[in-house]
Amino acid sequence: MGSKKRRFADDGWALWIDGDDRSTIYLNEWINPKGRSYVDISVRVYGAKEAKSVNFFVPFEVERNEITDLSYMLADSSALRALFNTNGKVDSEKNKYTSELRYDNRTVSLINLTNEFTEIKKVAYGTVIAVNFEFIKDCITSDEAYMIFRIPHKTLDKIFAPVIDVGSMLDKINSLVLSPMISEKYGYSIRINEARLLPPEINEIEGLLEQRIKKALVTISLSDEYDMNDSTCYRIRRLEAELNRNYAPAGYDCSDVITYQWVEERDFNLKAHYNFYFTMEHNKVSKLRMLFYLIIVLLIGV
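Anyway, here's the lowdown on the structure attached to this text.

Cut-off values and rules
The residue numbers shown here count from 1 along each chain, following its written sequence. Per-residue local features of the predicted model are confined to residues with pLDDT of at least 70, and side-chain atom pairs are confined, for both listing and counting, to 80 or more; whole-chain, interface and lining totals are unaffected and use all residues. With hydrogens and water set aside, each side-chain value is computed from the structure's full complement of heavy atoms. The criterion for an aromatic pair is that two Phe, Tyr or Trp rings (for Trp, the six-membered ring) have centres within 6.5 Å, with stacked assigned to planes under 30 degrees apart, edge-to-face to planes over 60 apart and tilted to the rest. In this text, helices come from DSSP runs of H or I with a minimum length of four residues, and strands from runs of E with a minimum of two, each type numbered from the N-terminal end. The buried label applies to any residue whose accessible area, calculated with a 1.4 Å probe on protein chains only, is under 20% of its type's maximum; exposed applies above 50%, and partly exposed to all values in between. We call two residues in contact whenever any of their non-hydrogen atoms come within 4.5 Å of each other. Salt-bridge detection follows one rule: a side-chain nitrogen of Lys or Arg within 4 Å of a carboxyl oxygen of Asp or Glu. What is meant by a nonpolar core is a set of buried Ala, Val, Leu, Ile, Met, Phe, Trp, Tyr and Cys residues, joined one to another through side-chain atoms within 4.5 Å. Two kinds of site are reported from a 1 Å grid over the protein atoms alone, namely cavities, where a 1.4 Å probe fits but cannot get out, and pockets, open sets with protein on both sides within 12 Å along at least five of seven lines, and residues are called lining when an atom falls within 4 Å of a point. Grid points are joined across faces, edges and corners, and a volume is the space filled by probe spheres set on the points. Amino acids outside the nonpolar list (Ala, Val, Leu, Ile, Met, Phe, Trp, Tyr, Cys, Pro) and the charged list (Asp, Glu, Lys, Arg) are all regarded as polar, and Gly is one of them.

Structural notes on the packing of aromatic side chains
Centre-to-centre distance and the angle between the planes together describe a pair of aromatic rings.
Item 1. What the rule picks out here adds up to 18 aromatic pairs.
Item 2. For the pair Tyr97 and Phe117, a centre-to-centre distance of 5.5 Å together with 90 degrees between the ring planes defines the contact as edge-to-face. Residue Tyr97 is located in the loop between strand S6 (89–91) and strand S7 (98–103), and its partner Phe117 is located in the loop between strand S8 (106–111) and strand S9 (118–123); the two are separated by 20 residues in the primary sequence.
Item 3. Accessibility expressed as a relative area gives 13% for Tyr97, which makes it buried.

Looking at the environment of Lys49
Item 1. In this fold, Lys49 is placed in the loop between strand S3 (38–45) and strand S4 (53–58).
Item 2. Residues Lys49 and Cys139 lie 90 residues apart in sequence; the distance between their C-alpha atoms is 9.6 Å.
Item 3. Setting aside chain neighbours within four positions, we find Lys49 in contact with Lys137, Ile140, Thr141, Ser142 and Asp143.

Re unusual backbone geometry
Item 1. At Ala124, a residue that is not glycine, the phi angle is positive and equals roughly 50 degrees.
Item 2. Among the secondary structure elements, Ala124 is positioned in the loop between S9 and strand S10 (126–132).
Item 3. The partly exposed category is assigned to Ala124, whose relative accessible area is 43%.
Item 4. Despite not being glycine, Asp256 shows a phi value in the positive range, around 55 degrees.
Item 5. Position of Asp256 among the secondary structure elements: in the loop between helix H5 (241–244) and strand S16 (257–265).
Item 6. Judged by its relative accessible area of 47%, Asp256 falls in the partly exposed class.

Topic: the pattern of salt bridges
Item 1. One pass over the full model with this rule turns up 20 salt bridges.
Item 2. Measuring nitrogen to oxygen at the nearest pair gives 2.8 Å for the salt bridge that ties Arg237 to Glu240.
Item 3. Overlapping salt bridges, with partners in common, bring together Asp10, Arg191, Glu194 and Arg196 in one network.

Some thoughts on the nonpolar core
Item 1. If you look at the biggest cluster of nonpolar residues, it comprises 55 residues, and the most contacted ones within it are Trp13 and Phe133.
Item 2. In terms of residue count, strand S13 (residues 212–223) provides more of this core than any other element does, five residues in total.
Item 3. Membership of the second largest hydrophobic core comes to 22 residues, among which are Ala79, Tyr146, Ile148 and Tyr252.

Overview of empty space enclosed by the protein
Item 1. Taken as a whole and judged by the stated rule, the model has one cavity of 30 Å³ or more.
Item 2. The computed volume of the largest cavity comes to approximately 40 Å³.
Item 3. Lining the largest cavity are Trp13, Ala14, Ile25, Leu27, Ile41, Phe56 and Phe57.
Item 4. If you list the elements that add at least two residues to the lining of the largest cavity, you get strand S1 (3–18), strand S2 (22–30) and S4.
Item 5. Taken together, the residues of the lining of the largest cavity break down into seven nonpolar, no polar and no charged.

Next comes the structure, spelled out in structure tokens:
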């Protein structure tokens with residue numbers, strides 16, 4: 001094998017609810033190695049009428065204008081089918097702050113995030129996004145509420161950013177003699193409510209490590225040019241390009257994309273953290289390296 005590149009990202013996320021803290025968290029990763037990556041963060045709050053606030057810690061800085069509420073996009077039946085794999089319906093005429101999402105014989109309140117009840121605060125190296133449920137309490141019509149928003153995933157952008165090879169000339173020549181192939185390997189860890197990876201300001205929050213998170217689900221969509229370690233996946237499918245055409249992030253190419261899903265669910269011991277780890281690999285042949293490789297092979301042959 002020729003040149004090898006390895007990079008790693010380790011993200012520590014946090015979710016805590018002031019009030020009834022039963023929840024499920026969903027992270028939907030749109031990985032774009034050639035552009036900008038995004039993550040959709042969704043939370044199902046099971047005791048929405050008793051919740052005072054829902055809070056997220058994001059392990060990098062996020063500006064208010066980088067947060068995109070996705071609730072209105074679910075009015076598109078194609079987006080709804082892509083997300084829930086069912087024929088649901090969104091009634092967006094209920095009130096200013098919430099809609100009703102109906103699917104699979106259930107009705108939940110869909111939170112329409114606005115600046116009026118969403119606070120953004122920089123904490124340590126990251127950002128806290130706090131949603132004030134007391135402000136919209138009279139608008140929540142169901143015990144269950146669902147909220148979903150999108151932010152750029154800046155830690156993934158860093159590991160996929162082009163890097164100039166500063167290795168010695170001897171190392172470069174040696175790798176060329178072996179092969180013109182470039183092997184890029186990436187590791188990515190998602191840790192949710194894990195104290196060792198959170199800043200002190202977050203760990204000091206009362207009740208953080210007592211949160212009853214029933215389930216954590218991670219979805220990664222990535223070009224089929226990349227090999228994913230999918231041995232622990234519970235579901236793999238080709239991304240439905242037509243269904244996601246208007247829902248995917250701007251500039252994201254939905255063609256030839258594979259979607260992988262991992263899930264952890266607990267009926268007992270809900271007061272715990274979640275940990276997911278993924279590896280991705282991309283092998284490619286550089287045209288310039290191929291040219292040098294052929295020249296070196298010819299010279300050695302002579």
